[in-house]
Amino acid sequence: MIIRPAAARDAEALAGIYGHHVLHGFGTFEEVPPDAAWMEAKRRDVTGHGLPFIVAERDGRVLGYAYAGPYRPRPGYRFTVEDSVYIAPDAVGQGVGRAVLGAVLAACEGLGLRQVVAVIGDSGNAASIGLHRALGFEQTGVGRSVGFKHGRWVDIVHMQKALNGGDTRAPDAPGLTLGGA
Ligand SMILES: CC(C)(COP(=O)(O)OP(=O)(O)OC[C@H]1O[C@@H](n2cnc3c(N)ncnc32)[C@H](O)[C@@H]1OP(=O)(O)O)[C@@H](O)C(=O)NCCC(=O)NCCS
């Protein structure tokens, strides 16, 4: 398995993976699969902030991806990111999520960031909650029934991991450049 930065040529494969989970899962509250152009715009936005967008590839096929985007746009959030991770349905449970999300966390640590937030769709999403816990995230809260998808109310689970000592020290890096609004 190769772990590498995503490239423009991956957009179709990434949109296909995300689209499956949009249509069949609760991990995202999106309901209509976005196209490859949307995915490429997302990759450019993430990498334009200097943040990691990582894919796993085996035998020339993209198996999954993870990235970290700004948590919120206002400048006070500049040391915090939110992660996203999606694995092809026939590649789950094989360590791909751990590999791509682990690479994203390492890159964020290297940038001097302090908090990574996961907003996980569905309290029953054992795979995502388990993956984040396995990588050192702790649950910080649950948003009860804030989503409605596939005919039922759906919770979100907030998890969080501190990097670089978290709030025990003052910032020693500039953090993200955020435009506000
Ligand atoms: C959640 C997801 C990204 C996990 O990726 P994955 O490649 O299947 O996970 P891995 O095989 O790397 O597992 C790593 C660790 O996560 C935990 N884990 C994975 N699947 C699990 C499951 N079904 N139940 C409980 N824990 C699980 C385990 O601790 C595992 O470590 P182990 O194999 O040593 O036991 C993947 O299942 C997925 O794409 N799910 C649908 C989309 C989604 O919900 N994305 C997250 C949105 S917030």
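A brief look at the structure comes next. This is a predicted model, so every value here is computed, not measured.

### Examining the overall build of the protein
Regarding its fold elements, the protein presents four helices and seven strands. For the protein, the N- to C-terminal ordering of α and β elements is β-α-α-β-β-β-α-β-α-β-β. Computed over its C-alpha atoms, the radius of gyration of the protein comes to 16 Å, within 12% of the 16 Å expected for a compact globule of 181 residues. Projected onto the principal axes, the alpha-carbon positions of the protein cover approximately 45 × 40 × 35 Å. A buried classification covers 46% of the 181 residues belonging to the protein. Across the protein, every contact between residues at least 6 apart in sequence was considered, and the portion connecting residues at least 24 apart equals 67%. Just so you have it, the protein exposes about 8900 Å², and 52% of that area is on carbon and sulfur atoms. Averaging the positions of the 18 positive and the 18 negative side-chain charges in the protein gives two centres separated by 4 Å.

### Quick look at helix α4 (residues 126-134)
Listing the buried residues of α4 in full gives S128, I129, L131 and H132. All buried residues of α4 project into a common sector of 160 degrees when viewed along the axis, lining one side. Seen from the buried face of α4, the exposed residues on the opposite side, beyond 90 degrees, are A126 and A127. Close packing links the buried residues of α4 with β4 (80-87), α3 (96-110), β5 (115-121) and β7 (152-162). G136 sits one or two residues past α4 and shows a positive phi near 100 degrees.

### Let's talk about the environment of G76
Here G76 is to be found in the loop between β3 (61-70) and β4. Remark: the alpha-carbon pair of G76 and I156, spanning 80 residues in sequence, is separated by 24 Å.

### Concerning the pairing of β5
In terms of residue burial, β5 counts as a mostly covered element, since six of its seven residues are buried. Where β4 meets β5, three bridges bridge the pair, whose relative direction is parallel. Looking at β5, one finds that T80 is bridged to Q115. Remark: the β4/α3/β5 crossover connection has right-handed handedness. Here β5 pairs with β7 via seven bridges, running antiparallel. Within β7, the position partnered with V119 by the bridge is H158.

### Brief notes about the packing of aromatic side chains
Overall, the coordinates contain eight aromatic pairs when judged by the stated rule. Considering the side-chain rings of Y18 and Y86, the 5.0 Å spacing of their centres and the 80 degrees angle between planes classify their relative orientation as edge-to-face. One end of the pair, Y18, is in helix α1 (residues 11-24); the other, Y86, is in strand β4, with 68 residues separating them in the sequence. The same class applies to Y18 and to Y86, which are both buried. Ring geometry for F53 and Y65: centres 5.6 Å apart, planes at 25 degrees, overall stacked. A residue pair is termed long-range when its members are at least 10 positions apart, and F53 in strand β2 (residues 53-58) and Y65 in strand β3 qualify at twelve residues. The same class applies to F53 and to Y65, which are both buried. Members of the aromatic cluster, each reached through a chain of ring pairs, are Y18, W38, F53, Y65, Y67 and Y86. Across the ring face of F26, the terminal group of R152 is positioned such that the distance to the ring centre comes to 4.0 Å.

The rules behind these values
- Each chain carries its own residue numbering, running from 1 in the direction its sequence is written.
- For this predicted model, a pLDDT threshold of at least 70 governs which residues receive local features, and a threshold of 80 or more governs which side-chain atom pairs are given and counted, while totals over whole chains, interfaces and linings are taken from all residues.
- Hydrogens and water are ignored here; the side-chain numbers use all heavy atoms of the structure.
- Segments assigned H or I by DSSP are reported as helices when at least four residues long, segments assigned E as strands when at least two residues long, and all are numbered from the N terminus.
- Two things to know: the radius of gyration comes from C-alpha atoms, and the globule rule equals 2.2 Å times the number of residues to the power 0.38.
- Relative accessibility thresholds used throughout: buried, under 20% of the residue-type maximum; exposed, over 50%; partly exposed, between the two (1.4 Å probe, protein chains only).
- Whether two residues are in contact is decided by their heavy atoms, any of which lying within 4.5 Å being enough.
- With residues, only the protein chains shown are counted as cover, and all accessible areas are computed by Shrake-Rupley using a 1.4 Å probe.
- When charges are counted, Lys and Arg are positive and Asp and Glu negative, with His and the chain ends excluded.
- One atom stands in for each charge, and that atom is NZ of Lys, CZ of Arg, CG of Asp or CD of Glu.
- Each direction from the helix axis to a C-beta atom contributes to the arc, which is the arc of those directions.
- In short, DSSP must find at least two bridges between two strands for them to pair.
- When the strands point away from the viewer and the path from the first strand over the helix to the second turns clockwise, the crossover is right-handed.
- Aromatic pairing here means that ring centres of Phe, Tyr or Trp (its six-membered ring) are within 6.5 Å. Orientation follows from the plane angle: under 30 degrees is stacked, over 60 is edge-to-face, and everything else is tilted.
- Any Lys NZ or Arg CZ found within 6 Å of a ring centre and within 35 degrees of that ring's normal is scored as a charge over the ring.

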